[in-house]
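Coordinate inspection notes
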Amino acid sequence: MKQHSTKPCNPLLINYQDALIYESDLSLLDDPSAWLNSDCIHFRLTRLSMMQQHLKNREAEGDDSNFDLFLDPSVVSFLMHQCDEEDEDEMSDLRRAWNLPEPINVNHESVLQSKPSEMKRKRLFVPINDQYAGSRKSFASPGGGSHWSFLLWDVSISPSSGIESNKVTSKFFHFDSSNGYNSRAARATSRKLQKVLATSWENEFIETFGEDANVVECKTPQQTNGCDCGLFALGVAEALAFADNANGVLGVSELESIVHSYFDKIGDVEIFGTKLRKIIGDDIRSLIGSECDKQSDKNND
């Protein structure tokens, strides 16, 4: 991906939870014909994550195990093109960093004493770029990639007698605003994500799910131009981030209904990208204004 210039002609506007927005990024949101880069995608997903956490009113301070995880595109790129799936230590590090559910042996003394909840669950929000299906050589080319889509990974584990009989649910739902364009990239990414989870399970997991991940292609509002794919992917992410899923994994038709309802609320597909560009751009400017006010107050103290 293209590296940002740190020269004054492209100043850093804001560092929001380590999501950096430069002036050139904001200009992409202001341009109705511009394709969003990974920094715009990362910022909005980070923003959605913080908004979701605020609304959920977490029960225990510092406990983020029950929150959805919104992956940075650079992390997905690392997984696809640099992370060796045969390196168990590297894959295990990702599994722990993402707080993925691990197998539970309810016969183990420590588990019997702690009386765990019936199910451990995690949803991962994964931006998909068509470049993820490419080779390492193609990934090394600057400015690569031409299409964004969105993947929801819903994984849960329900304990039962012994570690072998844990019930594992691992479902991938792919939303593509250019129907079928990113199917190959979504399947490749899902397979590797499932490999990360499988480091907890070894042979039992492979016997249950096989080597390949099952990816459901969901009906998605379709873009009408060649530049709004990132905005449509972010729209899907926002729709699903705030959907009520407390009662368990939602089905395909329920997810599709949630997404289409959200798009209808924002506007038809002809103007959806324009409206969401403004929403994100205005949000960035508001955050910048707040930071300036804080700095001004600090200087006056």
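Residues numbered from 1 in each chain as written. Predicted model: local features only at pLDDT ≥ 70, side-chain atom pairs only at ≥ 80, totals over all residues. Heavy atoms only, no water.

Helix and strand counts for the chain stand at 11 helices and seven strands. Out of the 301 residues in the chain, the part that is buried amounts to 47%. Long-range contacts, defined here as pairs at least 24 residues apart, represent 69% of the contacts in the chain between residues at least 6 apart. Summing over all exposed atoms, the chain offers an accessible surface of approximately 15,400 Å²; the carbon and sulfur share of this is 47%. (Helix = DSSP H or I, 4+ residues; strand = E, 2+ residues; numbered from the N terminus. Buried < 20%, exposed > 50% of the residue type's maximum accessible area, 1.4 Å probe, protein only. Contact = heavy atoms within 4.5 Å. Areas by Shrake-Rupley, 256 points an atom, 1.4 Å probe, with all protein chains shown as cover.)

Residues of the chain with pLDDT of at least 70 account for 73%, and the chain-wide mean is 82. Per-residue pLDDT stays below 50 along residues 108–116; that stretch engages in six contacts with residues further than four places along the chain or on separate chains. (pLDDT = per-residue confidence, 0-100.)

Our focus in this paragraph is a negative patch on the surface. A contiguous patch of negative charge, built from Asp 84, Glu 86, Asp 87, Glu 88 and Asp 89, is present on the exposed surface. Assignment of secondary structure puts Asp 89 in helix 4 (residues 88–97). (Patch = residues over 30% accessible without salt bridge, like charges linked within 9 Å, V, L, I, M, F, W, Y side chains within 5 Å. Salt bridge = Lys/Arg side-chain N within 4 Å of Asp/Glu carboxyl O. Lys, Arg positive; Asp, Glu negative; His and termini not counted. Charge placed at Lys NZ, Arg CZ, Asp CG, Glu CD.)

Our next topic: the nonpolar core. Grouped together as the largest cluster of nonpolar side chains are 66 residues, with contacts concentrated most on Trp 98, Phe 150, Phe 175, Leu 193 and Leu 240. Top contributing element to this core by residue count: helix 9 (residues 229–241), with 10 residues. Filtering out sequence-adjacent residues up to four positions away, Leu 193 remains in contact with Leu 71, Leu 79, Trp 98, Val 126, Leu 151, Trp 153 and Phe 172. (Core = buried A, V, L, I, M, F, W, Y, C linked by side-chain atoms within 4.5 Å.)

One open sheet holds the five strands; their spatial order is 3-4-5-6-7, and the pairing between them is mixed. The strands lining the two open edges of the sheet, one partner per strand, are strand 3 (69–70) and strand 7 (215–218). Bridge count between strand 5 (residues 148–158) and strand 6 (residues 167–175): nine bridges; the pairing is antiparallel. Each residue of the ladder has a partner; that of Leu 151, found in strand 6, is His 174. Where helix 9 meets the sheet, it contacts strand 3, strand 4 (120–129), strand 5 and strand 6, and its direction lies at approximately 30° from that of strand 5. Those strands touched by helix 10 (residues 252–266) are strand 5, strand 6 and strand 7, and its axis lies near 40° from that of strand 6. (Pairing = 2+ DSSP bridges. Axes fitted to C-alpha atoms, helices over the stretch in contact; angles between N-to-C directions.)

So, about the pairing of strand 2 (residues 19–22). Sheet analysis places strand 1 (residues 12–16) next to strand 2, joined by four bridges and oriented antiparallel. Looking across to strand 2, one finds that Asn 15 is bridged to Leu 20.

Take the packing of aromatic side chains next. As enumerated under the stated definition, the model contains 11 aromatic pairs in all. On the numbers, 5.7 Å between centres and 15° between planes, the contact of Trp 35 with Trp 148 is stacked. With Trp 35 in the loop between helix 1 (23–30) and helix 2 (38–56) and Trp 148 in strand 5, the pair connects residues that are 113 residues apart, well separated along the chain. What makes Trp 35 partly exposed here is its relative accessible area of 23%. (Phe/Tyr/Trp six-rings, centres within 6.5 Å; stacked < 30°, edge-to-face > 60°.)

A separate point is the packing of helix 9 against helix 10. Packed helices, taken two at a time, are described by the angle between their axes plus the distance between the axes. Direction vectors running N to C along helix 9 and helix 10 enclose 115°, while the axes themselves pass 9 Å from each other. One way to sum up the angle between helix 9 and helix 10 is to call them roughly perpendicular. Classified by chirality, the crossing of helix 10 by helix 9 is right-handed. Of the residues in helix 10, those in contact with Phe 232, Gly 235, Val 236, Glu 238, Ala 239 and Leu 240 of helix 9 are Leu 255, Ile 258, Val 259, Tyr 262 and Phe 263. The class makeup of the residues in the contact of helix 9 with helix 10 is nine nonpolar, one polar and one charged. (Parallel < 35°, antiparallel > 145°, perpendicular 65-115°, else oblique. Left-handed = near helix turned anticlockwise from the far one by under 90°. Nonpolar A, V, L, I, M, F, W, Y, C, P; charged D, E, K, R; others polar.)

Turning our attention to helix 10. Under the 1.5 Å per step criterion, the end-to-end length of helix 10 is 22 Å for 15 residues, consistent within 8% with the ideal 21 Å. Within helix 10, burial applies to Leu 255, Glu 256, Val 259, Tyr 262, Phe 263 and Ile 266. End-on view of helix 10: buried residues confined to an arc of 130°, all on one side of the axis. For helix 10, exposure combined with an orientation more than 90 degrees from the buried face picks out Ser 253, Asp 264 and Lys 265. One or two steps after helix 10, the chain reaches Gly 267, where phi turns positive at roughly 150°. (Expected span 1.5 Å × (residues − 1). Arc of directions from axis to C-beta.)

Within the fold, Tyr 262 resides in helix 10. Residue class for Tyr 262 comes out buried when judged on its relative accessible area of 9%. In this structure the C-alpha to C-alpha distance between Tyr 262 and Val 236, which are 26 residues apart in sequence, comes to 8.1 Å. Beyond its immediate chain neighbours, meaning those up to four positions away, Tyr 262 contacts Gly 235, Glu 238, Ala 239, Phe 272 and Leu 276.

The subject of this paragraph is unusual backbone geometry. Here Gln 17, not a glycine, exhibits a phi torsion of approximately 50°, which is positive. Look at Asp 18: it is not a glycine, yet its phi comes out positive at around 70°. Mapped onto the elements, Asp 18 comes out in the loop between strand 1 and strand 2. Classification of Asp 18 by relative accessible area gives exposed; the value is 63%.

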